[in-house]
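Breakdown of the fold
In case you want the letters, here they are:
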Amino acid sequence: MELLVEGKATLRGEVEISTSKNAILPILIAALLSEDQVYINGVPQINDVEIVKKLLINLGATLSQQEGQLSIKSFISNIYPDYELVRQIRASLLLMGPILATRKTVKISLPGGCAIGTRPIDLHLKGFEALGARITLSGGNVIAQAKELKGSHIYLDFPSVGATENLMMAAALAHGTTYIENAALEPEVVDLANFINRMGGSVHAAGSNVIKIEGRKRLYGCTYTPIPDRIEAGTYMVAAAATGGNLLIKNVIPEHVKATTAKLLESGAQVEERDKSIRVERSGPIKPIYIKTLPYPGFPTDMQAQFMAYLSHCSGSSVITESVFENRFMHAQELARMGANIKIEGRTAIVKGVEGLGGAHVKASDLRAGAALLIAGLMAEGTTCIANSHYIDRGYERIVEKLNAVGAKICRG
Ligand code: UD1
């Protein structure tokens, strides 16, 4: 699949942000913690959600969808999720927590997802061990077994989003109280905690670096609406600034995009925060800036690629340091095909601004790299052809329609 992007676009108008991918994936999986009916509102039509829905059905859940509302009735009859589905999406690792908590045994093949360097799972496994599970690895599978999960103190060496979420889900049905120390602070972690609490769980202080979870015997049905997508919002914010446009981005929690807002302001764009929306415009030159990716509330690694595309046209040299993932600069060589001047030294990229980019044949290597190429294509002179555009559809709902409605000319090839 490919996208053809006509260059020299100026984005103007209004765009509505969808439900957060990284919030809804763990929430759909956490619905497995209760055998009652759970209703999730605002389910976005993105490929990663489709894969998680298939995984839930594969485990024994019954799903039905009416417009944006998905109803899930769980009963886990299968403790070994299908390899073909698991390998497509990193978030499938989060199935471990609920299956282990409800069935006391889980077997899962090592998961896939976007190719962004080594992504170990040691923190997840160490946490399950602390909760009393025995872990064995065999033939590319991880098996976790426990007679009973017991509340414990878990210290994470790094505030991993996935490990915090997986352990929070397991601890929600454990016997006794669990503390997750050095927990991830991301808004999606808080949203998952709110969802578990809506199901009758007892998760305290999510959003701080020590989360306390009092295990419950069972959880109940509920209705829940997850938060809007801060990375989708950030992507449109950068696209507006990159094209010298003026966009009103609706359904945003401004607090969640503070780091993106700060860097856009530094680069010379105008950003106006409102209650649930943000306006971004730019008329002057793009000033060079320094960016370092960090866990929340630091600058998100999921916005790094989009900023690299934007800064490729800055008036000077910008420096981007990627501290969260190894090897997450795959988009740099594709941007170079379009004329960008980027030098990579280890975990740092030096982006020397060029006069302009030119359309080219490029390839998306992951979801956010794909979004970066889309932004570059909108800025460039001529037409850009982005191969592997299915990566973009993993996480951006109706992106072609949304961009075309505000002045882009993109078609699917
Ligand atoms: C989540 C997001 C992803 C985002 C990332 C960082 C979802 C579905 N995905 O991914 O979009 O880019 O957070 O904000 O929410 N690590 C270990 N051992 C582990 C687990 C992680 O060393 O057991 C390392 C990873 O290799 C990486 C860092 O910790 O270097 C951050 O990973 P983590 O926060 O776990 O990211 P994900 O939950 O996979």
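Computed from a predicted structure; not experimentally measured. (Residues numbered from 1 in each chain as written. Predicted model: local features only at pLDDT ≥ 70, side-chain atom pairs only at ≥ 80, totals over all residues. Heavy atoms only, no water.)

**What about the sheet that holds strand 6 (residues 105-109)?**
Where we set the bar: Strand pairing follows a simple DSSP-based rule, namely that at least 2 bridges must link the two strands. Only runs of H or I of at least four residues qualify as helices and only runs of E of at least two qualify as strands under DSSP, and these elements are numbered from the N terminus. Axis angles are defined between N-to-C directions and span 0 to 180 degrees, where every axis is a line fitted to C-alpha atoms and, for a helix, only to the segment in contact. The criterion used for residue contact is that any of the two residues' heavy atoms lie within 4.5 Å.
The strand order across the open sheet built from 3 strands is 6-8-7, with neighbouring strands paired in antiparallel fashion. Bordering the open sheet on either side are strand 6 and strand 7 (134-138), each of which pairs with just one other strand. On average, each strand axis in the sheet is inclined to that of its neighbour by 15°, with strand direction left out of account. In this structure, strand 6 lies alongside strand 8 (residues 141-145), joined through 5 bridges in antiparallel fashion. Residue pairing for strand 8: Lys-107 is matched across the bridge by Ile-143. Strands in contact with helix 4 (residues 96-103) are strand 6 and strand 8; relative to strand 6, the strand with the most contacts, it is inclined by about 155°.

**Overview of the site of the ligand**
Just so we agree on the cut-off: Here a residue is near a molecule or strand as soon as one of its heavy atoms is found within 4 Å of it. Pairing of N or O atoms within 3.5 Å defines a polar contact, subject to two protein rules: one partner must be a possible hydrogen donor and the other a possible acceptor, and residues neighboring in sequence count only if both atoms are side-chain atoms. Here the open area of atoms and residues is found with the Shrake-Rupley method and a 1.4 Å probe, where only the protein chains shown may cover a residue.
Around the ligand, 18 residues are found, and the nearest of them are Asp-122, Leu-123, Ser-160, Asp-302 and Val-324. Asn-22 has a polar side-chain atom sitting 3.0 Å from an oxygen atom of the ligand. Note that an oxygen atom of the ligand is positioned 3.1 Å from one of the side-chain N or O atoms of Arg-90. Burial of the ligand by the surrounding chains reaches 86%, relative to a free accessible area of 740 Å².

**So, the side chain of Ser-20**
Relative to the elements of secondary structure, Ser-20 occurs in the loop between strand 2 (12-16) and helix 1 (21-30). Setting aside chain neighbours within four positions, we find Ser-20 in contact with Glu-188, Ile-227, Pro-228 and Asp-229.

**Details of the pattern of salt bridges**
Here is the rule: Definition used for salt bridges: Asp or Glu carboxyl oxygen within 4 Å of a side-chain nitrogen of Lys or Arg. Buried residues are those whose accessible area, probed at 1.4 Å on protein chains only, stays under 20% of the maximum for their type, while exposed residues exceed 50% and partly exposed ones sit between those limits.
A full pass over the atoms with the stated rule returns 18 salt bridges. Between Glu-14 and Lys-250 there is a salt bridge whose closest N-O contact spans 2.9 Å. Linking Glu-14 in strand 2 with Lys-250 in strand 14 (residues 246-250), this pair joins segments that are 236 residues apart in sequence. When its relative accessible area of 30% is taken as the criterion, Lys-250 is described as partly exposed. A salt bridge links Asp-48 to Arg-394, with the shortest nitrogen-to-oxygen separation between them at 2.9 Å. Here Asp-48, found in helix 2 (residues 47-59), pairs with Arg-394, found in the loop between helix 13 (390-393) and helix 14 (399-404); they are 346 residues apart in sequence, far enough to count as distant. Both residues of the pair, Asp-48 and Arg-394, belong to the buried class.

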